[in-house]
Amino acid sequence: MTVITRIPPSPTGLMHIGTARTALYNWLYAKRHNGQMQFRIEDTDRARYAPEYVESIKDGLTWLGLTWDGPILSQFERRDRHAEIALEMLKAGKAYYCYCSPEELEEMREKAKAEGQVTFYDRRWRDADPATAPRDIKPVIRIKAPLSGESVVHDRVQGDVTVNNEQLDDFIILRSDGTPTYMLAVVVDDHDMGVTHVIRGDDHLNNTFRQNIIYEAMGWTIPVYAHLPLILGPDGAKLSKRHGATGVAEYANMGYLPEAMRNYLLRLGWSHGDDEIISTEQAIEWFDLDHVHRSPARFDFAKLENVNAHYIKEADNTRLVDLVVPFIEKKGIAVDTTGRARLLAGMDELKSRAKTLLQIADEGAFYCRSIPYDFDDKAKANLDKAILQTIRERLSGITEFTAANIEAACKDIANQNAEGKLGKVAMPLRAALTGTTVSPSIFHAAEILSRDEALKRLEFAVNLK
Ligand code: GLU
């Protein structure tokens, strides 16, 4: 049997971190078992549907490297097929037409409420004679749910979950306008796609009992279920905007690496002993449903940052340059080949300090600047013109423009002019060369900039009005 998992998001918003984790688990499970992950858009809610949400989900999956197999299916486009199955169940006596008017339903709802019943529909059309059907009402189709006994969902994460069948009503599968309900569409699609494993959020666990009624009515094989607990915010409340970024694109825009995100999301709800850093290759080998946690995970922003810092350190420098350049360009700084070469030369140091690509961009942007550039307020306050002039003279005399020689010259200047305090020399130098007060070792940075460029920048800073 080929394992087929699926990711069926509803495009009613930008791609959420919870969807990303669900997709990751489906993807890993499929990969682990040499199977497939299919991608279906649950776009039947036309009022909330927007194409940019579909794009956001596609972009999110692509960014995370979670590839899907086969074409992207649209649930909405499959509505005729869903209706066909509803009619098939009708013919087989597993479902029936219900002609209740909205008023009748309202009455039943009131009555059930007063009696404290969980379900309200009294099944009045289940065994009614079709000859008594009113002509002026377009019927819905309802499924025949079991009348007594219990239903069990064997869930790979939650264990066996049982409900009393009295809690399951004869729910609608086809509306009076001929459109399928979500419950029907999901089952028909999963069946037609050959889905063997349904790995999804546990907010769908209750739906599972209803969906199984359809599987049984059709004589279809029920998939393996694994319902994942929610992701909570650090305070234990459902993860929301108020805790911080919840959209996948936001993490990309803040400079997180996709492999860091994968590692972090993997650990957010699954574990392999005490391992924290788990490469994707390793995850594919190890991922299973037995070690998915049963209790909800809390999103830990600091931990995600640390995982990201780890992967940044591991990342190839040329790749990091490629990833960082757009962040620098977003600051309005054009990056040419010289800028790129300097970034590459400085990358070991930049990445050793960084938690995000954005931080590398902030601290490395000066490599790509050209005169005239701006100085931030702190940098301006550090532009000690007399010292800068001295530095400029000394640096122009250095033939081998290396970090060691530059540092030695600065130490000399500090001894002669600043009671040996190197900071009094290094800080103005940093401010002048970078326009900021935060950068990697300024001696090394100066070497990377080259003597010509460093001298030009010093002159520019000295002459600044
Ligand atoms: N469309 C549903 C959601 O986005 C997923 C349903 C399912 O996995 O069965 O929550």
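Rules and cut-offs
Residues numbered from 1 in each chain as written. Predicted model: local features only at pLDDT ≥ 70, side-chain atom pairs only at ≥ 80, totals over all residues. Heavy atoms only, no water. Near = heavy atom within 4 Å. Polar contact = N/O pair within 3.5 Å; in protein donor to acceptor, adjacent residues only side chain to side chain. Areas by Shrake-Rupley, 256 points an atom, 1.4 Å probe, with all protein chains shown as cover. Nonpolar A, V, L, I, M, F, W, Y, C, P; charged D, E, K, R; others polar. Phe/Tyr/Trp six-rings, centres within 6.5 Å; stacked < 30°, edge-to-face > 60°. Helix = DSSP H or I, 4+ residues; strand = E, 2+ residues; numbered from the N terminus. Buried < 20%, exposed > 50% of the residue type's maximum accessible area, 1.4 Å probe, protein only. Lys NZ or Arg CZ within 6 Å of the ring centre and 35° of its normal. Axes fitted to C-alpha atoms, helices over the stretch in contact; angles between N-to-C directions. Parallel < 35°, antiparallel > 145°, perpendicular 65-115°, else oblique. Left-handed = near helix turned anticlockwise from the far one by under 90°. Contact = heavy atoms within 4.5 Å. Salt bridge = Lys/Arg side-chain N within 4 Å of Asp/Glu carboxyl O. Expected span 1.5 Å × (residues − 1). Arc of directions from axis to C-beta.

Can you explain the site of the ligand? Please cite residues and give values.
The full set of residues close to the ligand is R6, P8, P9, S10, E42, Y182, R200 and H204. A distance of 2.7 Å separates an oxygen atom of the ligand from a polar atom in the side chain of R6. The separation between a nitrogen atom of the ligand and a polar side-chain atom of E42 is 2.7 Å. Protein chains bury 81% of the 290 Å² of accessible surface belonging to the ligand in isolation. When the residues that make up the shell around the ligand are grouped by side-chain class, the tally is three nonpolar, two polar and three charged.

Describe the packing of aromatic side chains, listing the residues and the values that go with them.
Applying the stated criterion to the full structure yields 13 aromatic pairs. Seen in terms of ring centroids, Y25 and F287 are 5.0 Å apart; in terms of plane orientation they differ by 50°. Their pairing is tilted. You can see Y25 sitting in helix α1 (residues 17-32) and its partner F287 sitting in the loop between α9 (280-286) and β12 (297-298), a full 262 residues away along the chain. Accessibility classification places Y25 together with F287 in one group, the buried group. Taken together, Y251, Y256, Y264, F299 and F301 form an aromatic cluster joined through their ring pairs. Lying over the aromatic face of F76, R46 brings its terminal NZ or CZ to 3.8 Å of the ring centre. One residue, R109, lies across the ring of F120, its end atom 4.5 Å from the ring centre.

Tell me about the packing of helix α12 (residues 337-353) against helix α13 (residues 357-364), residues and numbers included.
α13 packs onto α12 with a crossing angle of 125° between their chain directions and a minimal axis gap of 10 Å. Between α12 and α13, the angle falls in the class oblique. Handedness of the crossing formed by α12 with α13: right-handed. Contacts from L343, M347, L350, K351 and R353 in α12 reach Q359, I360, E363 and G364 in α13. Here the residues of the contact of α12 with α13 are counted per class, giving four nonpolar, two polar and three charged.

Could you give me a rundown of the pattern of salt bridges, with the residues and numbers involved?
In a structure, side chains of opposite charge can pair up when their charged atoms sit close to one another. In the structure shown here, the tally under the stated rule is 33 salt bridges. R123 is the salt-bridge partner of D170, the closest N and O atoms lying 3.0 Å from each other. Note that D170 is positioned in the loop between β7 (159-164) and β8 (172-174) and R123 in the loop between α4 (102-115) and β5 (140-143), a separation of 47 residues in sequence. A residue is classified by how much of its surface remains accessible, and D170, at 0% relative accessible area, is buried. Linked through salt bridges whose partners overlap, the residues forming this network are R6, R40, E42, R78, R81, E84, D189, D190 and D192.

Requested: an account of helix α2 (residues 51-64), with residues and values cited.
Given a rise of 1.5 Å per residue, 14 residues ought to cover 20 Å, and the 20 Å separating the end C-alpha atoms of α2 matches this to within 8%. Buried residues of α2: V54, S56, I57, G60, L61 and L64, and no others. Down the axis of α2, the smallest arc covering the buried residues is 160°, so these residues share one side. Opposite the packed face of α2, turned more than 90 degrees from it, sit the exposed residues P51, E52 and T62. Buried positions along α2 lie against β1 (4-7), α1, β2 (36-41), α7 (248-253) and α8 (258-267). Note on α2: the residue one or two positions beyond its end, G65, has a positive phi of about 75°.

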